[in-house]
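# What the coordinates show
The primary structure of each chain is shown beneath.
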Amino acid sequence: MKNSWIIALRELKERMRSKSFIAMAIVGPLLVLGITYMLFALGGKNKTHWNVLITDPNAIMQAKIMAQEDATVSYDFANDYIEIEDFANNPRFQKYDAMLEVNEKILNNKTAFLFYREKPSMQMATRVQYQFERRLEELMIAQFTSLSVSDFRKIKQPINVAMRNVYDPRDEASDMSGWVGFFFGGVILLFIFLFGMTILRSISKEKSNRIVEVLLASVKPRQLMLGKIMGIGIAAFLQFALWILFVGIGLYVMRETLFPDLLDASKMDVVQMTEAMKNQTLQEQMLSAKEYNQFVELIYERIRFGNMLGYFALFLAVGYLFYGTFFAALGAVSGSESDGQQFVIPLIALLFLALYAGHYALNNPTAELTSWFSYIPFTSPVVCMVKLAQGYPQGQGYLIYVSFLILLVSAMLVLWAAGRLYKNGILQFGHRLGFKQLFKWISRA
Amino acid sequence: MKYHTFNSNTLSQKKTTFIQILVNMLKLEAISKSFYQKLALDEVSLTLEEGEIFGLLGPNGAGKTTLIRIINRIVEQDKGVVRFKNELMNDKHLAQIGYLPEERGLYRTMTVYDHALFLGRLRGMSKNDVNTNFNYWVDKFEIGDWRKKRIEELSKGMAQKVQFICTVLHQPQLLILDEPFSGFDPINVELIQQELKEMKAQGKTIMLSSHNMKSVEEICDRVALIHQSKKILEGRVSQIRESRKDGNFAVRFSGSMIAFVNALWTGFELVDKEILGDNRFVAYVKMRGENNFQDLLQVLLGQIQIEAAWEVLPSMQEVFIQEINHSNQTQDEK
């Protein structure tokens, strides 16, 4: 292990010095910030005002949601169930852009459905969700706890507002939080691809410049492979840490400069009927509102950073190990650098499959295929991120551990098999790689 | 040959028995290795004694590199045993071995010092030890200025010196060099030969495989010849050459070549000649019948002016070709 560590450190040092590492640390976060900006700045240009009908047969909301009128969203209440088809076609509901369905289970299962006619912009969707959630929060505090609002926020679970097209209510697509998960999954794939290719190139280079035999006189092939994967993996994590840092700074700067209106607390004021809220000083209220403006809401709360980042790190690490091992084995068995590039195509195809699976999960969260995708190690890093962001159904939260365990065991198995390929292929030079040969090497101890 | 002596206590303290045990640096016993259906080594046994330079010879594809990789535990043998200093070879012995493979390379973007540190650490050295030994070698090769240079900035000859330094940095007891002279310029060949001789004088054991028979003749004490996966010859260089001599002598003289040939008459055969200058030659002569060196000198005296005369032993190049051809013929006959 000591030798693997020495190999890893050398690899890390080389990566840190490379221009591509520095370039990626700058370009990557800029790209993320650019996409975020586009989502908010351009996404807000759809419809600027929304009429929302809240169906609340149990009068849970008490026909209140906002302390004062919001220029962008108007709410009406109906103390009755309204069929979706009725809402979709009945002329008297045509003035409403969306219907928010609140049933008696909302305080327990924390899920509400929003049926829209025209897909809302992200700003609008977040605004409705935010206002609804704050109101429910107040109700829950009043009904169940004696906590202050700030204390309650520390322990509460976010409310899931499932967005559905009123004309196609079975289409589960467009859950914004799911997209966040997909984005995270995409980042995992991006890192796997970029750093997997780095592993491949690094090993091919060691083969072509013939240092590999010098190394093998001191370290076992498996140690060498593991050291390489580890070193490049640490570089990937450092790169990711830089991304978080730069994106974090960027988001802060964007919030302060590009979206100043989002900080206007008065626009986002909810009923504030609890004693605790009433007793807050104006400054506290401002801070509270600022803290909870919709932008922050999206970035820092809907994403559920603490939860997501933890799993993200785990799936990124093991997903990288799983795929990285394939790249390492491929580098070891290829006869030349071009050989490796040719055989990398099936691996890239698998990464695309993972991306597709993530998108499929986004649109079909409850489909059986989505479940399969969440267990298959090639696709699980992305699909699990999407499922996690959408929220696992009550009582099925353990499934993410099942997926993770399968991924981990698969990574170990692949590491073992790749060790054989590595051992048998690393000292073969200048050959043309074929599947027959690959099979021979893998079957040889 | 080196002997380690130890004191064995017997029943009587007064009487001490000295037992001498021969320590082999490396012993290979019936090593066999196949790659798929192809036999790469067929029951090859070798012994390297402490403090000798051992040449591993053989044509391309004979199995030399496979044997060297087995010793370095890069490849595992199918059958046979490798012993290092009379112990079964294991990974911990690798720290006592320095290995310069035939296909050798360096990381182009690393500095000379970083390279030494990296490879030294892999061989189990501390940073301090690396520094001390690295300084010794850079001073010796007078390359102190290169310390911070990147490999890609060095010429091929410079890089070769760095490779050699990295191989011997951890002061190995056994040095294994696969084709150490291939790609080296004559100055570096000379330098490396000198270093090898010096290391031998320090008691280090060196195994080298080479196609450069002149170097083998010059520096190797013993050699083994591998052909078609089998060892076909092993012994001391001097003995091998001596045993294959076939009555050839060289005579350096001044005078007329015609007079020289006439003097030889029927008892001797002129095999070859070299012209050194005006009426100065070296003639290579083979004895016929019962004639010997004395007879040759007698017939020549008075005909030409002899400057020097000596017995010509076959070169290792000739021995190599002879043995390979002989082995091929035997194979064909079978």
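Residues numbered from 1 in each chain as written. Chains lettered and ligands numbered in written order. Predicted model: local features only at pLDDT ≥ 70, side-chain atom pairs only at ≥ 80, totals over all residues.

## Some details on the nonpolar core
Within the largest apolar cluster, 132 residues are counted, with the highest numbers of intra-cluster contacts made by Ile188, Ala328, Ala329 and Met385 of chain A together with Ala116 and Ile176 of chain B. Excluding residues within four positions of it along the chain, Ala328 of chain A makes contact with Ile199, Ile203, Met225, Lys228, Ile229, Ala418 and Tyr422 of chain A. In terms of nonpolar packing, the next biggest core, distinct from the first, is built from 27 residues, Trp50, Ile65, Met99 and Ile106 of chain A among them. (Core = buried A, V, L, I, M, F, W, Y, C linked by C-beta atoms within 7 Å. Buried ≥ 20, exposed ≤ 12 C-beta atoms within 10 Å, placed from the backbone. Contact = placed C-beta atoms within 7 Å.)

## Observations concerning the interface of chain B and chain A
Contacts between the two partners involve 17 residues from chain B, matched on the other side by 13 residues from chain A. With 4 residues, helix H2 (residues 112-122) of chain B is the single largest residue contributor to the side of chain B that touches chain A. In terms of residue class, the side of chain B that touches chain A is made up of 9 nonpolar, 3 polar and 5 charged. (Helix = DSSP H or I, 4+ residues; strand = E, 2+ residues; numbered from the N terminus. Nonpolar A, V, L, I, M, F, W, Y, C, P; charged D, E, K, R; others polar.)

## Regarding the sheet that holds strand S14 (residues 268-277) of chain B
Residue and element names in this part refer to chain B. Overall, antiparallel pairing links the 4 strands, which are arranged S14-S15-S13-S16 in an open sheet. Every other strand in the sheet has two partners, leaving S14 and strand S16 (305-311) as the edge strands with one partner each. Ignoring strand direction, the axes of neighbouring strands in this sheet form an average angle of 20°. Inspection of the sheet shows strand S13 (residues 248-254) paired to S16 by 6 bridges, in the antiparallel sense. Paired with Phe253 across the strands is Ile306, a residue of S16. Strand contacts of helix H9 (residues 293-300): S13, S14, strand S15 (280-287) and S16, with the helix running at about 25° to S13, the strand carrying the most contacts. (Pairing = 2+ DSSP bridges. Axes fitted to C-alpha atoms, helices over the stretch in contact; angles between N-to-C directions.)

## Some words on helix H16 (residues 380-390) of chain A
In terms of residue burial, H16 of chain A counts as a mostly covered element, since 11 of its 11 residues are buried. Where H16 of chain A is concerned, the buried positions are Ser380, Pro381, Val382, Val383, Cys384, Met385, Val386, Lys387, Leu388, Ala389 and Gln390 of chain A.

## Side note on unusual backbone geometry
Residue and element names in this part refer to chain B. With a phi angle near 45°, Ala30 is a residue other than glycine that sits in the positive phi range. With respect to the element layout, Ala30 can be found in strand S3 (residues 24-35). According to the C-beta neighbour criterion, Ala30 is partly exposed, with 13 such atoms within 10 Å. With a phi angle near 50°, Lys85 is a residue other than glycine that sits in the positive phi range. Tracing the sequence through the fold places Lys85 in the loop between strand S6 (79-84) and strand S7 (87-88).

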